[in-house]
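# Fold and contact review
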Amino acid sequence: MRTTHGYSSGADQSPVSGSVGAPGDAPSWLSAWEATSALRQFGELAVSEQGIFWLTYEPAVGGSVITGLDASGSCNQIGGALTVRSRVNGYGGGALCASAGCLYAVSEQQQIVRLDPGNNQSRVLTVNGQDCFGGLVPDTRRQRVLAVRETATGQELVAVDDQGGLELLHQGEDFYGAPVLSPDGRRIAWISWQLPDMPWIRSTLWTAELDAQGVLGNACAWSAPIDASVQQPVFDGDDLWVLSDHDGWWQPFRFVVHNNIGVWLKGDAPALDHANAPWQLGESHHCCLPHGGWARVMYSQGAGELWLRRRGSCALVRLAEQYSDFRCVQSCGEYVYCIARSANVLDAVLQIHPETGKVDVLAGGEAPWANRRIAQPIPFETLPGDGAEFSVPGFFYSPETPGDEPPPLILIAHGGPTSAAYPVFNPQIQFWCQRGFAVAEVNYRGSSGFGRAYRMSLAGRWGEADVEDMERAADHLSGLRLASRRNVFIQGRSSGGYTVLMAMIRSERFAGGASLYGVTDPLRLRAMTHRFESGYLDWLLGSPEAFPERWHERTPMNHAASITTPSIFFQGGRDQVVVPEQTRAMVSAIQAAGGLVQLHWFEDEGHGFRQQANQVGVLEWLFSFYRKHSLKAGDRADNLS
C-alpha cells in the first residue's frame, strides 16, 4: 500500500490560488506548477567500467528515463524515449543495471531491453507481454542478466542472455529478492520469502553455486537464528555479508557455513537500522570497499547517515554530512558511489574516495529554486506517556511567515504503513509552508528505521495505534505552540489515507481530512489486492475469521456517517492496489449521511499520480479545501477545550 511516485464532485468546484491569510501576496508564492516541477528524483544507480548511469524521474514526462554521465561530466539521456519501470510486486525496483559493455533495463512494457550507451542502440530481449521483470543483476562473465521474473502464477529466478534466451535458475519460493554474484561469478546469493509474510517480517537467505555455463547447483536455504528479515546480501571476495534484524535492528552480519551449519557473525555496528523496509527490489544501503573496509547507511532519529571504515582501521568516518538519506550505495574501481538526498537541494549522484573521504557531486545537487527560503525539517519526539510503550518521532516544518498565533497544521501520515518519512527535500511541503501552514510528517508505530520492535508494534493495531500517534503528535506540537490546536488537518496517501479516515471516524480533533487513494474497505481489498500484499492485511488487523469485530470496527466504509468534518478524496481510475470503486462508495456513503465531501477522479492515473498536470491539480484542490475549512477563532472551542 505504499505509493509510487479529472472528474470532480462535491462543493467548491474550482481550485483557488490564494493564501490562508493574505491572498494579495499570491504572486510571490511558489506555484503548484513550480512545486511539482521540482519533484525530479534519481534512482537505480548503476556503475561499471562502461560509465555511470541512473534513472531520472521527470515530472513533465511522467516517468523515469536513463541518464548517463559522459567523460566530460555532461549528463545525457540514454535510450531515447524509453521509459523504465519494473512492476514486480507492484512496486518494482532493480529496473536498471550496468554490465561491462552494455546496460540492461526493464521498459514500461515490462520487457528486458539491452542498450549500448555508445551508439544508443537497443534490443528487446524478452517478448512475453504477460510477465514482469525486476531486480536486474549483470552476469558479465556469461554475457547475460539475472532477474526476478513474475508470472501470473508466481515468481522465479532467471537468466536472460544477449540473444534473448531465458534460463530458469530457481523456482518454488513465493517471492524472490534480487540476486547477487560473487566477484568470480561462481557463487550466487538471494533472498526469498513465503506467504503470508512480507519481506520485512520474515525472509530467508539462499546460497548456491554456478558452473562455467551458469547452471545453478547446490542451492541451500539459511534461516536466521530467530524469526528475522534478511536483506541485501553482498559479497566481499569469498565473504558474504547480509543485513538481518534478528538482533533487533537491520545490522550487518557475515554469514559463513561451518560443518554444514550456517553461522551468523555480527559485524561491528551500533543498534541502528542500516536499511529501510524492502518494498522494492535492488535496494543497496551498504557495500564493501575495493581494498577492504566498508561503507554503510545508518538511520539515526529518522535520518540517514553515511559511514565508512577503511581497511585496517577501527575508526568510523562520517561522510557527506549535509545529506540526510542515501540509496544505491556501491563501489566500483577506486570509488564509492551513491544517490544522496537532503532537505535543501535536489537529488545528487555522489562519488566518494574512500582513502581521502573526498566527496564530489557528479550530477544534481542544485538548489530547487533561486531566492526562495526552504523550510527546514525540525526533528520532534513525543513523550511515551499514557501507558504508551514508545515515543513517536517525526519532522516539523514551520511556515515561512509565522504570525502571532500558532499556524494551522497539516499532519501527514506516510504510506506503507511499513515505511517512513525522511527529512529530505519535498516541494509539496514547501508549497504548504509558503502559504502559512505548518507541516508535520509523523513516523507512527509501525514505521521502519526505528528497529524491529517499533516496526512490529503495529501488528493487529492498524487503524488504532497509528491514529493514536497522529493525535499525540498534534497534541505535542500544539502544546509547544508550534501549531494551532483548532486548525489541524490530516492528510495521507494509500495506507496513510486509511489512517486519515480512521482518525476522522475516531475523533473530532481535526478540521478536515484528505485521503489520496486511501483504503476504505480492508476486507474487499484483501480479496482483490495483488499477490505481494495478499497476507499483509491479516498481519495489520489479524485474520478476519479470528477477529471479525476488529475488522468491522476498523473498516471506514462501515462508519462513513461518523465523518462529520469536511473531507476530500483523490483517486486514480487505474489503481490496482486500492480498488477505485471503494473510493466512490465511501464518498457516496458520506454524502448520503449529509457529510461535506469532495471527490476528484483521475481516470488515467494508477496508485500514485505520475502526470504533472494531475499533480498540480491535487495541490490546488487541496489548498482550496484547507483554506476554506480553516477555522476562525472560537469555532469548535467546546469540543477542543
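Residues numbered from 1 in each chain as written. Predicted model: local features only at pLDDT ≥ 70, side-chain atom pairs only at ≥ 80, totals over all residues. Heavy atoms only, no water.

## Structural notes on the sheet that holds strand β19 (residues 230–236)
- With antiparallel pairing, 4 strands are arranged side by side in an open sheet as β19-β20-β21-β22. A strand with exactly one partner marks an edge of an open sheet, and here the two such strands are β19 and β22 (261–266). Strand-to-strand, the axes of this sheet are offset by a mean angle of 35°, without reference to chain direction.
- Across 5 bridges, the pairing between strand β20 (residues 239–244) and strand β21 (residues 251–258) is antiparallel. Within β21, the position partnered with W241 by the bridge is R254. (Pairing = 2+ DSSP bridges. Helix = DSSP H or I, 4+ residues; strand = E, 2+ residues; numbered from the N terminus. Axes fitted to C-alpha atoms, helices over the stretch in contact; angles between N-to-C directions.)

## Points about the packing of aromatic side chains
- On inspection of all chains with the given rule, the structure shows 32 aromatic pairs.
- An angle of 75° between the planes, with centres 5.0 Å apart, marks the rings of Y91 and W279 as edge-to-face. Of this pair, Y91 sits in the loop between β5 (75–78) and β6 (96–98) while W279 sits in the loop between β22 and β23 (286–288), and the two are 188 residues apart along the sequence.
- A centroid spacing of 5.1 Å and a plane angle of 65° characterise the contact between F255 and W264, whose relative ring orientation is edge-to-face. With respect to class, F255 is no different from W264; both count as buried. (Phe/Tyr/Trp six-rings, centres within 6.5 Å; stacked < 30°, edge-to-face > 60°. Buried < 20%, exposed > 50% of the residue type's maximum accessible area, 1.4 Å probe, protein only.)

## Focus on the pairing of strand β4 (residues 63–69)
- The element β4 is extensively covered by neighbouring structure, given that 7 of its 7 residues are classed as buried.
- The two faces of β4 match: G63, V65, T67 and L69 on one face and S64, I66 and G68 on the other face are all buried.
- Relative to β4, strand β3 (residues 51–58) is paired through 7 bridges, and the arrangement is antiparallel. Bridge pairing in β4 places F53 opposite G68.
- Turn length for the β3-β4 hairpin, with the two strands adjacent in sequence and antiparallel, is 4 residues, and the turn residue G62 shows positive phi of about 80°.
- For β4 and β5, the ladder comprises 4 bridges, and the chain directions are antiparallel. Directly across from I66, in β5, lies its bridge partner I78.
- In this structure, the hairpin formed by β4 and β5 is closed by a connection of 5 residues, where G73 is found at a positive phi of approximately 90°.

## Regarding the environment of A95
- Secondary-structure assignment places A95 in the loop between β5 and β6.
- For A95 and A212, which are 117 residues apart along the polypeptide, the C-alpha to C-alpha distance reads 26 Å.
- Apart from residues lying up to four places away in sequence, A95 is in contact with E44, V84, R85, S86, Y104, A105, V106 and L136. (Contact = heavy atoms within 4.5 Å.)

## Observations concerning the sheet that holds strand β12 (residues 155–161)
- Read across the open sheet, the 4 strands follow the order β10-β11-β12-β13; overall the sheet is antiparallel. The open sheet has two free edges, formed respectively by β10 (132–139) and β13 (166–170), since each of these has just one partner strand. Within the sheet, the average angular offset between the axes of one strand and its neighbour, ignoring direction, is 30°.
- Bridging between β12 and β13 involves 4 bridges; their strand directions are antiparallel. What sits directly across from L157, in β13, is H170.

## Details of unusual backbone geometry
- With an omega of 5°, the peptide bond running from L195 to P196 counts as cis.
- Within the fold, P196 resides in the loop between β16 (187–193) and β17 (204–210).
- Cis geometry marks the peptide bond from G416 to P417, where omega comes out at 0°.
- Among the structural elements, P417 can be located in the loop between β33 (409–413) and α2 (427–434).
- The phi dihedral of N120 falls on the positive side, at around 65°, and the residue is not glycine.
- The topology assignment puts N120 in the loop between β8 (112–116) and β9 (121–124).
- Classification of N120 as partly exposed rests on a relative accessible area of 38%.
- For C328, which is not glycine, the phi dihedral falls at a positive 55°.
- Inspection of the secondary structure assignment puts C328 in strand β27 (residues 325–332).
- Judged by relative accessible area, C328 falls into the buried class, the value being 13%.

## A few points about the packing of α2 against helix α10 (residues 612–629)
- Where α2 meets α10, the axes come as close as 12 Å, and the angle between the chain directions of the two elements is 35°. Seen along the crossing, α2 lies across α10 with a hand that is right-handed. Contact with α2, carried on its side by Q428, F431 and W432, involves L619, L622, F623 and Y626 of α10 and no other residues of that element.
- Here the residues of the contact of α2 with α10 are counted per class, giving 6 nonpolar, 1 polar and no charged. (Left-handed = near helix turned anticlockwise from the far one by under 90°. Nonpolar A, V, L, I, M, F, W, Y, C, P; charged D, E, K, R; others polar.)

## A closer look at the state of the cysteines
- Across all of its chains, the model carries 0 disulfides by this definition.
- Of all cysteine sulfurs, the one in C338 lies closest to C75, which takes part in no disulfide; the gap is 15 Å.
- As a non-bridged cysteine, C287 has C288 as the owner of its nearest cysteine sulfur, 6.9 Å distant.
- Judged by relative accessible area, which is 6%, C287 ranks as buried. (Disulfide = S-S within 2.5 Å.)

## Points about the pattern of salt bridges
- Enumeration according to the criterion identifies 32 salt bridges in this entry.
- Between E366 and R40 there is a salt bridge whose closest N-O contact spans 2.8 Å. Placement of E366 in the loop between β30 (359–364) and β31 (378–381) and of R40 in the loop between α1 (32–37) and β2 (41–48) is noted, with a sequence separation of 326 residues between them.
- By relative accessible area, which is 33% here, E366 ends up partly exposed.
- Between E305 and R318 there is a salt bridge, and its shortest N-O distance comes to 3.7 Å. Of this pair, E305 sits in strand β25 (residues 303–310) while R318 sits in strand β26 (residues 317–319), and the two are 13 residues apart along the sequence.
- Using a relative accessible area of 15% as the deciding quantity, one classes E305 as buried. (Salt bridge = Lys/Arg side-chain N within 4 Å of Asp/Glu carboxyl O.)

## A closer look at the side chain of T529
- Mapped onto the elements, T529 comes out in the loop between α6 (522–528) and α7 (536–541).
- Sequence-distant contacts of T529, that is, excluding residues within four places in its chain, are made with S534 and V577.

## A word on the confidence of the model for the protein chain
- For the protein chain, per-residue confidence averages 91 on the pLDDT scale, and 93% of positions sit at 70 or higher.
- Confidence over residues 4–19 falls short of pLDDT 50; this stretch has 52 contacts with residues more than four positions distant or in other chains. (pLDDT = per-residue confidence, 0-100.)

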